[in-house]
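Read off the chains here:
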Amino acid sequence: MMTLTQELELKKKLLQESTKLLNMQIQAAKEAMDEAQESANEHHGAIEDKFESFREACQIQRDMYARQLDELITTMGVLKRVNSTKENKEVSFGAVVMTELQNYFIGVSLGEIKIDGESFFAISGLSPLYKAMEGKTSGESFDFRDKTYKVLQVF
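Criteria and cut-off values
In every chain, residue numbers begin from 1 and rise along the written sequence. The model is predicted, so local features are restricted to residues of pLDDT at least 70 and side-chain atom pairs to those at 80 or more, both for listing and for counting; the totals for chains, interfaces and linings are taken over all residues. As a rule here, side-chain values cover all heavy atoms of the structure and leave hydrogens and water aside. Salt bridges are identified by distance alone: a Lys or Arg side-chain nitrogen within 4 Å of an Asp or Glu carboxyl oxygen. Helix and strand definitions follow DSSP, with helices as H or I runs of at least four residues and strands as E runs of at least two, each counted in order from the N terminus. Only protein chains enter the area calculation, which uses a 1.4 Å probe; residues under 20% of their type maximum are buried, those over 50% are exposed, and those in between are partly exposed. Residues enter a patch when their relative accessible area is above 30% and they make no salt bridge; the linking distance is 9 Å between like charges and 5 Å between nonpolar side chains (Val, Leu, Ile, Met, Phe, Trp, Tyr). Residue burial considers only the protein chains on display, and all accessible areas are found by Shrake-Rupley using a 1.4 Å probe. Counted as positive: Lys and Arg. Counted as negative: Asp and Glu, with His and the chain ends omitted from the count. Lys charges are placed at NZ, Arg charges at CZ, Asp charges at CG and Glu charges at CD. Strand pairing is assigned whenever DSSP detects at least two bridges linking the two strands. Each axis is a line fitted through C-alpha atoms, and for a helix only the stretch in contact is used; angles between axes span 0 to 180 degrees, taken between their N-to-C directions. Take the buried Ala, Val, Leu, Ile, Met, Phe, Trp, Tyr and Cys residues and link them wherever side-chain atoms come within 4.5 Å; each set so joined is a nonpolar core. Contacts between residues were defined by any pair of non-hydrogen atoms, one from each residue, lying within 4.5 Å. Here a polar contact is recorded for every N or O atom pair within 3.5 Å, except that within protein the pair must consist of a potential hydrogen donor and a potential acceptor, and residues adjacent in sequence are included only if both atoms are side-chain atoms.

The final tally for this structure, using the stated rule, is 6 salt bridges. The partner of K13 in a salt bridge is D116, with the nearest N and O atoms 3.0 Å apart. Remark: D116 occurs in the loop between β3 (111–115) and β4 (118–124) and K13 occurs in helix α1 (residues 4–42); sequence separation between them is 103 residues. For K13, a relative accessible area of 30% translates into the label partly exposed.

The following block contains the structure:
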């Protein structure tokens, strides 16, 4: 078992890593959006008819990246609400959940995050998996997709 200090240190690392991953995704979406915009601009004034549909395609792509960027920025706003100095006694937003099968970090959906060689799955507070474990405390079990998970630790 970890001490409270170790638990909160691990939570802080998970939060930092999540923030870093999300920032990389935001950066990639921004660059892709700018690139699509540049492609659209470059073909402005070229043989109009032929490039009009290409420009429209670039604009559509740009809008798609812009929407993606908006979603990522919203996700970052959610992540910023995680308090890494708070110990969670039960499975709730911001908690780290260790089960016999897998470890989870409840915040935003980012997939697998490795901290000191250990895997954690960053999941959203809106996911069905989270709904199955919400409110559970250490020692309790929950079922999800025909599997029973025993909660070993929550912090």
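Here the narrative resumes, following the displayed structure.
Next up on the list: a negative patch on the surface. On the surface, E31, D34, E35, E38 and E42 cluster together into a negatively charged patch. Structurally, the position occupied by E35 is in helix α1. Look at E35 and you get exposed, because its relative accessible area is 54%.

Sheets are built from strands that pair by backbone hydrogen bonding, the pairs being arranged parallel or antiparallel. Taking strand neighbours across the sheet as the criterion, the 6 strands line up as β3-β4-β2-β1-β6-β5 in an open arrangement whose pairing is mixed. Edge positions in the open sheet fall to β3 and β5 (141–144), since each of these has one partner strand only. Each neighbouring strand pair of the sheet contributes to a mean axis angle of 40 degrees, computed without reference to strand direction. With 3 bridges joining them, strand β1 (residues 96–99) and strand β6 (residues 147–154) adopt antiparallel strand pairing. Within β6, the residue paired with T99 across the bridge is V151.

Take the environment of E100 next. Turning to its location among the elements, E100 is positioned in the loop between β1 and β2 (103–107). Distance in space between the C-alpha atoms of E100 and V151 is 6.9 Å, their sequence separation being 51 residues.

Formed by 25 residues in total, the largest nonpolar core has its most connected members in L14, L79, V96 and F120. If you list the elements that add at least two residues to this core, you get α1, α2 (48–79), β1, β3 and β4. In terms of residues, this core owes the most to one element, α1, which gives 8 residues. In this structure L14 touches V96, F105, I113, I115 and F120, once residues within four positions along its chain are discounted.

With that settled, consider the environment of E112. Within the secondary structure, E112 sits in strand β3. Residue E112 is classed as partly exposed on the basis of its relative accessible area of 42%. E112 sits 11 residues away from I123 along the chain, and the two C-alpha atoms are 9.0 Å apart. A polar atom in the side chain of E112 sits 3.1 Å from the side chain of K114.

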